[in-house]
Structures are given as C-alpha cells and as structure tokens.
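Examining the three-dimensional arrangement
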Amino acid sequence: MIKRQALSTVWEKRVARTAVLFSALFLMVFLLFSLVLARTGIPLWVLIPLSALAALLVHAFLTRKIRRRKAILARPFPPEWETVLQSEVVFFRALEPEDRQRFRRELQLFLGEKRITGIKLRLDTRTRVLVAASAIIPIFGFPEWEWDQISEVLVYPDRFDDEYAFDGDRRHTLGMVGTGAMNRMMILSRPDLLNGFRDSRDKRNVGFHEFAHLVDKSDGSVDGIPSVGLQRDAIGPWIELVRRKMNEIERGKSDIDAYGLTSEAEFFAVASEYFFERPGILERKHPELYAMLSQVFNQNLSARAAAMAREMQRRPRRLGRNSPCPCGSGLKYKKCCLDR
C-alpha cells in the first residue's frame, strides 16, 4: 500500500519551538499589561485568563501551517498521481523505495499548498503532477527546502511572446519566472512541459529549467551564481567554469544547449536540465561541471544514473483493467481504484 505521508519532524519541531517561544513572550507582555490594567479596577481573575487566551491564539496562528500540512498528508496518496509518476517521471522510478515515499510526500505538499492554474485550458492530473515533479526534483537533495519563492504556476496552452500572448507568430517563450507584479509566479507552456518528461534523452525540460532559476533566485537574484549549494570559496571557480563552458559552446565544441549563451543565469538553467536528465553523460563529458552541480543541488546522481538509463529503456507499463492497481493494494485495477 502507498502509505499516508508524515511531516518532516525537523521542520515541525522548528516551527513548534518558535511558536512556544513567541507565545511565552506574548504571555509575559500580556500579564505585565494586565497588572497595569488592574490598577484601573479591572479584576485580575478576568485579565489573567484573557492573557492566557491571547497567548494560545498566538500559538495557534504560528502553528497553523503544521495543522494544514498534517491535514494534507492525512489524505491517501491518489493512485492516479502514482500512475503519472510511474509512467512519466524517470527520476522517480529510479529512486529507492524510501526515497519514493519522501518524493510522494513532497509532491502531496506542493500540490496542496501551491496554486496551479490553467489559462485557457482545462488542467488534467498529468499536468498538475508533472508541474509538482518539476519543482521537487531540483531540490530533492534538501529535505527541509521550502518553496517560499513561488505561490502559483500558470500553465499556458502553448508558447507565448513578451506580452504573454499565446497566439501570433512571435511565440518563442516556453516558460518564465515572474518578476514585478508577477513575483512569486511562474508560467509554463503545457506542450513543452509534457514533452520534457516524454523525452528524457534530449537534455531539455522546461520544468527543470524554470525551477532551477528559482533555486538560483533563492539568494535574492537570478544571476547564474546559485549560492544555495556553493561555499563562498567555490563561487570564484564556478564563475570561471561557466565562462569556459560558455566559450566551448560558442566555438561549437560542446553538446550543451546553445541557449546557455544567453546569459550566465540561462547557462545554469540549461546545465541543470542536462544534469537531471542525463547525469551519466554529463559526468563523462563534463566532469568538472557535473561535480559543481552536484554541490549546488546536493545530489550525486552517479549511482542513480545507471538506474535512470535503464528506466529510459523500459517502456512505460500500460494500466489495463486487469493490471495490478498502482496504489499497491494487491488487487486488480478494476477491483480497486478504476472508478475512483
């Protein structure tokens, strides 16, 4: 069976400690204020319970995210989500069982907390799950990561232009991270998102690309210097490495996508696509770049590269009425989750 997911105890304890600390602080302030009010004739037996109630309300407010997450994870993991992961996401299929459980938990939280909105299209389960998978894969090496940089993903029916229009002949943008009025938002072209997971050999995935930009932005700017995973003394070597690799692309001596020449930020995003889709080839052809990206994302995919290559060769299992149900119940699909 696919288990109900559990909260990260490290995250939960950190939030709970903060809530207790601030509640105690507020209680002390309220009690002191009560002593002042008592001089005006208001009885302490009224003021002290009110102070305690106010402190409890502060605690409830600060721990609301824990309760919300527990409610999200209390729901069974939908079998249709599992079907998408098993058929579309090579990275997930190559994980060990314990890591798959963590991936499911992160996916459930992302879909429970972030808005995914279809623009002039009807969103299906496949698209929603692949958006979430795009967010989880780049930060899977950071179990305590919080996607505070984004609140909503807009899914467009096609590529779009500089004015966000998806008709006309100037539609060249596959995805983007919003700025200004669109801060904490992302736009993804649905056909390109789906194609990115459909073909795991081409080193292109717009979902990985845009969420890599957000990883880069975690230090405040999208500049191609992802300080989240680099020590301060590694930033100089990283900048020099990027310069050399961009020069190789310019001279036609590299298999890295030429779009990486646009800027250092785009080079990082393009290299990230390569890293998560074909880590074995990247390590063989660009060992220094692979080693640096392993530090950035806190993921050494060497051991997993062989498993990913095998999964790419395996034809996705078609789910028929008599197939074993993907929820892991041991029953046939038609006897379990087909009609849910």
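Scroll up to find the structure this text is about.
The rules behind these values
- Position numbers for residues count from 1 along each chain, tracking the sequence in the order it is written.
- Only residues with pLDDT of at least 70 are given local features in this predicted model, and only at 80 or more are side-chain atom pairs given and counted; all residues enter the totals for whole chains, interfaces and linings.
- Computation of side-chain values covers all heavy atoms of the structure but excludes hydrogens and water.
- For each structure, a 1 Å grid was placed over the protein atoms alone; sets of points admitting a 1.4 Å probe that cannot get out are labelled cavities, open sets with protein on both sides within 12 Å along at least five of seven lines are labelled pockets, and lining residues have an atom within 4 Å of a point.
- Grid points are joined across faces, edges and corners, and a volume is the space filled by probe spheres set on the points.
- Under the scheme used here, helices are H or I runs from DSSP no shorter than 4 residues and strands are E runs no shorter than 2 residues, and both carry numbers assigned from the N terminus.
- Distance thresholds for patches are 9 Å for like charges and 5 Å for nonpolar side chains (Val, Leu, Ile, Met, Phe, Trp, Tyr), applied to residues having over 30% relative accessible area and no salt bridge.
- Under the convention used here, a 1.4 Å probe and the Shrake-Rupley method define accessible areas, while residue burial counts only the protein chains that appear.
- By convention in these notes, a salt bridge is any Lys or Arg side-chain nitrogen within 4 Å of a carboxyl oxygen on Asp or Glu.
- Whenever a helix is involved, its axis is fitted only over the stretch in contact; in every case the axis is a line through C-alpha atoms, and angles between N-to-C directions fall within 0 to 180 degrees.
- Handedness of each helix crossing follows the sense of rotation of the near helix against the far helix: counterclockwise by less than a right angle gives left-handed, clockwise gives right-handed.
- When checking whether two residues touch, look at their non-hydrogen atoms; a contact exists if any pair is within 4.5 Å.
- All amino acids are sorted into three groups, where Ala, Val, Leu, Ile, Met, Phe, Trp, Tyr, Cys and Pro are nonpolar, Asp, Glu, Lys and Arg are charged, and the leftover types, Gly among them, are polar.
- Think of it this way: DSSP has to see at least two bridges between two strands before they count as a pair.
- Only rings of Phe, Tyr and Trp enter the pairing, Trp through its six-membered ring, and a pair is recorded when the two centres are within 6.5 Å. The plane angle decides the type: under 30 degrees is stacked, over 60 is edge-to-face, the rest tilted.
- Think of it in three bands: with a 1.4 Å probe and only protein chains considered, a residue is buried below 20% of the maximum accessible area for its type, exposed above 50%, and partly exposed in between.
- Within this scheme, the nonpolar core is defined by two criteria: the residues are buried Ala, Val, Leu, Ile, Met, Phe, Trp, Tyr or Cys, and they are joined through side-chain atoms within 4.5 Å.

Looking now at empty space enclosed by the protein. The full count for this structure, using the stated rule, is 2 cavities of 30 Å³ or more. Each pocket or cavity is described by its volume, and for the second largest cavity that value is around 80 Å³. Taken together, V89, V90, F91, I137, G196, F197, S200, N205, F208, F276, E277 and M308 form the lining of the second largest cavity. At the level of elements, α5 (90-93), α8 (190-198) and α11 (264-277) are the ones that each hand at least two residues to the lining of the second largest cavity.

What follows concerns a nonpolar patch on the surface. Together, L27, L31, L32, L35, L44 and I48 make up an exposed nonpolar region whose accessible area comes to about 490 Å². Of all the secondary-structure elements, those providing two or more residues to the nonpolar patch are α1 (9-38) and α2 (44-62).

Turning our eyes to something else, we now look at the packing of helix α6 (residues 97-113) against helix α7 (residues 125-136). In a packed pair of helices, the relevant descriptors are the angle between the two axes and the axis-to-axis distance. The contact between α6 and α7 brings their axes to 9 Å, and the two run at 115°. Classified by chirality, the crossing of α7 by α6 is right-handed. Every residue of α7 that contacts α6 at F103, E106, L107, F110 and L111 is listed here: R128, V129, V131, A132, A133, A135 and I136. For the contact of α6 with α7, the per-class residue count stands at 10 nonpolar, no polar and 2 charged.

This part takes up the sheet that holds strand β2 (residues 152-156). Taken in spatial order, the 4 strands of this open sheet run β1-β2-β4-β3, and their pairing is mixed. The sheet terminates laterally at β1 (115-118) and β3 (175-177), the two strands that pair on one side only. Adjacent strand axes in the sheet meet at a mean angle of 15° when their direction is disregarded. Pairing geometry for β3 and strand β4 (residues 185-189), over 3 bridges, is antiparallel. Residue pairing across strands places M176 opposite I187, the latter belonging to β4.

Glancing now at the packing of aromatic side chains. Using the criterion set out here, one finds 21 aromatic pairs in the structure. An angle of 50° between the planes, with centres 5.8 Å apart, marks the rings of F26 and F30 as tilted. Taken as a pair, F26 and F30 lie in helix α1 at a separation of 4 residues, close to a single helical turn. Judged by its relative accessible area of 24%, F30 falls in the partly exposed class. A centroid spacing of 6.5 Å and a plane angle of 65° characterise the contact between F91 and F276, whose relative ring orientation is edge-to-face. Separated by 185 residues along the polypeptide, F91 in helix α5 and F276 in helix α11 bring together distant segments of the chain. Summarising the burial analysis for this pair, F91 and F276 share the class buried. Aromatic ring contacts, followed pair by pair, group F91, F92, F103, F140, F197, F208, W238, F268, F275, F276, Y290 and F297 into a single cluster.

A few words now on the nonpolar core. F103, L107 and W147 are the most contacted members of the largest nonpolar core, which totals 65 residues. The element best represented in this core is α11, accounting for 8 residues. If you look at the next biggest cluster of nonpolar residues, it comprises 7 residues, including L154, M176, M185 and I187.

A side chain with one charge may pair with a side chain of the opposite charge, provided their charged atoms come close. Evaluated as defined, the whole model comprises 18 salt bridges. Here E113 makes a salt bridge to R69, at a shortest N to O gap of 2.6 Å. One end of the pair, E113, is in helix α6; the other, R69, is in helix α3 (residues 64-74), with 44 residues separating them in the sequence. When its relative accessible area of 7% is taken as the criterion, R69 is described as buried. Connected via shared salt-bridge partners are K65, R69, E113 and E146.

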